[in-house]
Amino acid sequence: MAQTLISDNLRHIKALMPSGVELVAVSKFHPVEALRQAYDAGQRIFGENRVQELAQKVDLMPADVQWHMIGHLQTNKVRVAVRCANMIESVDSVRLLQLINKEAQRIDKVIDVLLQLHVAQEEAKSGFGVGELLQALTVGELDGMDHVRVCGLMAMASLTDDEVQIDREFAIVNDTFNVVKEEFYADRPEFKHISMGMSHDWPIAVRHGATLVRIGSAIFGPRQY
Ligand SMILES: *Cc1c(COP(=O)(O)O)cnc(C)c1O
């Protein structure tokens, strides 16, 4: 995609986005040249969903880029992800969080994470169920991990044109965020993020309190898998 288009797309999206909402430019499958164009247009937060691709791009992009890991993380990739990412948005189990904490401790890092909530209809999507997350928090399974900073929740809505369905799912995320914040993170100012909304549904997500939106194809064009 031509340089002017990527910067035009960014400008267009940012003009529609309320202040206080941060844009994660989802650059998976796009070449570093495309990321550079976005960087030159002022974009600093990039999202990747595969650890190997993330690690390669980190080395090729300026040091002030903030990297968000947004894809399902296999346990054998945790070490590299912890080293490369500024935030891991896709924490979908207590066991994964424990591993992230352990690897972060090993390199003396405190890494930002989001807890991924499963609200979509597709079984294939990962994440904590709402009840499962509340249960884990209640019994203290997330306590005592000093090398992760839990900064909020992440979610994906069902892949559907049904806006009522998407609306309902984002509302569940927002409600869950409020409960979790109040009951478990009230004294943690860093617990402030709701990451939800992609190219096709981000305006709905913003209406439901998204503070981070993850937009790929609307910035970079279609992906070549
Ligand atoms: C690919 C991806 C996105 C961005 O999707 P687009 O439809 O290209 O905006 C957002 N979140 C996650 C978790 C993704 O894997």
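This text goes with the structure placed above it.
A quick note: this is a predicted structure, and the numbers were derived from the prediction, not measured.

With respect to the overall build of the chain
- For the chain, the helix and strand inventory stands at nine helices and eight strands.
- Scaling as 2.2 N^0.38, a compact globule of 225 residues should have a C-alpha radius of gyration of about 17 Å, and the chain matches this with 17 Å.
- Projected onto its principal axes, the C-alpha coordinates of the chain cover approximately 50 × 45 × 30 Å.
- Counting all 225 residues of the chain, 52% fall into the buried class.
- For the chain, the centre of its 23 positive side-chain charges and the centre of its 30 negative side-chain charges are spaced 7 Å apart.

Thoughts on helix α7 (residues 163-184)
- The terminal C-alpha atoms of α7, which comprises 22 residues, lie 31 Å apart, in line with the 32 Å expected from a rise of 1.5 Å per residue.
- Buried within α7 we find Q165, I166, E169, F170, V173, N174, T176, F177 and V180.
- Where α7 is buried, its residues contact β5 (111-118), α6 (130-138), β6 (148-156), β7 (193-195) and α8 (202-207).
- A side-chain oxygen of the first residue of α7 lies 3.0 Å from the backbone nitrogen of V164; this N-cap is D162.

Quick look at the site of the ligand
- In the vicinity of the ligand, the contacting residues are V26, K28, I70, M156, M198, S199, R214, I215, G216, S217 and R223.
- Within the backbone of G216, an N or O atom sits 2.8 Å from an oxygen atom of the ligand.
- A distance of 2.8 Å separates an oxygen atom of the ligand from a polar backbone atom of S217.
- Compared with its free state, where it exposes 390 Å², the ligand has 92% of that area covered by protein.
- A breakdown of the residues in the shell around the ligand according to their chemical character gives five nonpolar, three polar and three charged.

Some points on the environment of V130
- Structurally, V130 is set in helix α6.
- Here the alpha-carbon distance between V130 and I172, two residues 42 residues apart in the chain, equals 8.7 Å.
- Those residues within four positions of V130 in sequence are excluded, and the remaining contacts are L117, I172 and T176.

Examining the nonpolar core
- Judged by nonpolar contacts, the single largest core of 68 residues is most densely connected at F46, L73, I88, I100, V113, V213 and I219.
- The element that contributes the greatest number of residues to this core is helix α5 (residues 94-106), accounting for six residues.
- With residues up to four places along the chain from it excluded, the contact list for L73 reads V51, V78, A81, I88, L96 and I100.
- I45, L114, M154 and L212 belong to the second largest nonpolar core, which has seven residues in total.

Analysis parameters
Residues numbered from 1 in each chain as written. Predicted model: local features only at pLDDT ≥ 70, side-chain atom pairs only at ≥ 80, totals over all residues. Heavy atoms only, no water. Helix = DSSP H or I, 4+ residues; strand = E, 2+ residues; numbered from the N terminus. Rg over C-alpha atoms; globule rule 2.2 N^0.38 Å. Buried < 20%, exposed > 50% of the residue type's maximum accessible area, 1.4 Å probe, protein only. Lys, Arg positive; Asp, Glu negative; His and termini not counted. Charge placed at Lys NZ, Arg CZ, Asp CG, Glu CD. Expected span 1.5 Å × (residues − 1). Contact = heavy atoms within 4.5 Å. Polar contact = N/O pair within 3.5 Å; in protein donor to acceptor, adjacent residues only side chain to side chain. Near = heavy atom within 4 Å. Areas by Shrake-Rupley, 256 points an atom, 1.4 Å probe, with all protein chains shown as cover. Nonpolar A, V, L, I, M, F, W, Y, C, P; charged D, E, K, R; others polar. Core = buried A, V, L, I, M, F, W, Y, C linked by side-chain atoms within 4.5 Å.

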